[in-house]
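The chain contents come next:
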Amino acid sequence: MASGDGTEYVFELSGGRLCLDYVNTLSGSRAHPTERLNSYRDLVSWGRQAGALGDREAQQLAQAAQRRPEEAARTLAEAVRFREALFRLFAAVASLRAPDQGDMAALNAMLGRALARQRIERRAGGFVWGWIEDGEALERVLWPVARSAADLLVSPDLKRVRQCAGADCDWLFMDMSRNRSRRWCDMKGCGNRAKARRYYERHRAKAPTGAAAGRARRGLV
Ligand SMILES: [Zn+2]
């Protein structure tokens, strides 16, 4: 759903799991954040872009939110609290710490509501997990996120969860590299900035040596 004035934010989906892409809807670090979920509409945009919502459901939810603005504002606040609980939980996992019990409780509360809306569907000769469509339940967009978080926590891939090594970036991602050496959320952004910083530091470290060498050549020392 394109917003009427064409200003829909395009979310970066580099986490490798729906739940990590959701955590990454805050740019920068928790110390210097740039919030990307500034309205319920942003939350629906993210859900549609990330595949948590179909186009029709996204449209239904946006319309429901316009009819119930106070509830939409409450849902957005809850969605941001839920995101921060997931961030702390997976940041703890990435640094091999035990997660906070409160954050586990927040996930389990959302997961309980999510699982009540799941169903099995037959598709292409097989069966898949689907969702009971509900264009009126404003927190609907968070249910697949809770399911994704739960699936990741019990998956053998959990040990691949990493936090970006960027100086001002808290993003989480799956390190699927063969030697498990990925350090940045993406090479274009944080990876390049880190490379540029290393270059600058190397250059700066060399400069006095070069000047000293020049003075030595000119017989000044
Ligand atoms: Zn990063």
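My aim in this report is to walk through the structure given alongside it, one point at a time. (Residues numbered from 1 in each chain as written. Predicted model: local features only at pLDDT ≥ 70, side-chain atom pairs only at ≥ 80, totals over all residues.)

1. What to know about unusual backbone geometry
With the exception of glycine, the majority of residues adopt a negative phi angle, and the majority of peptide bonds are in the trans configuration.
Phase 1 of the analysis: Residues other than glycine seldom take positive phi values, yet L96 does so here, at roughly 60 degrees.
Phase 2 of the analysis: Within the element layout of this structure, L96 appears in the loop between α4 (69–94) and α5 (101–115).
Phase 3 of the analysis: Backbone geometry at A124 places phi at a positive 50 degrees, although glycine is not the residue there.
Phase 4 of the analysis: Judged by the 6 C-beta atoms lying within 10 Å of it, A124 falls in the exposed class. (Helix = DSSP H or I, 4+ residues; strand = E, 2+ residues; numbered from the N terminus. Buried ≥ 20, exposed ≤ 12 C-beta atoms within 10 Å, placed from the backbone.)

2. Section: the pairing of strand β3 (residues 118–123)
Phase 1 of the analysis: Buried residues are scarce in β3, accounting for 0 of its 6 residues.
Phase 2 of the analysis: The pairing of β3 with strand β4 (residues 126–131) spans 6 bridges and is antiparallel. By the bridge assignment, R122 is partnered in β4 with F127. (Pairing = 2+ DSSP bridges.)

3. Some thoughts on the nonpolar core
Phase 1 of the analysis: Ranked by internal contacts, the top residues of the largest apolar core, which has 46 residues, are C19 and L86.
Phase 2 of the analysis: Secondary-structure elements contributing two or more residues to this core are α1 (18–23), α2 (40–50), α3 (55–67), α4, α5, α6 (143–153) and β6 (172–174).
Phase 3 of the analysis: Looking at this core element by element, the count peaks at 9 residues for α4.
Phase 4 of the analysis: Filtering out sequence-adjacent residues up to four positions away, L86 remains in contact with C19, Y22, V23, L107 and A149. (Core = buried A, V, L, I, M, F, W, Y, C linked by C-beta atoms within 7 Å. Contact = placed C-beta atoms within 7 Å.)

4. Focus: the environment of C169
Phase 1 of the analysis: Considering the arrangement of structural elements, one finds C169 in the loop between β5 (161–163) and β6.
Phase 2 of the analysis: The class for C169 is buried, based on 20 C-beta atoms found within 10 Å.
Phase 3 of the analysis: For the pair C169 and W184, spaced 15 residues apart in sequence, the C-alpha separation works out to 9.0 Å.
Phase 4 of the analysis: Among all residues touching C169, those that are not within four sequence positions of it are G28, S29, C164, C185 and C190.

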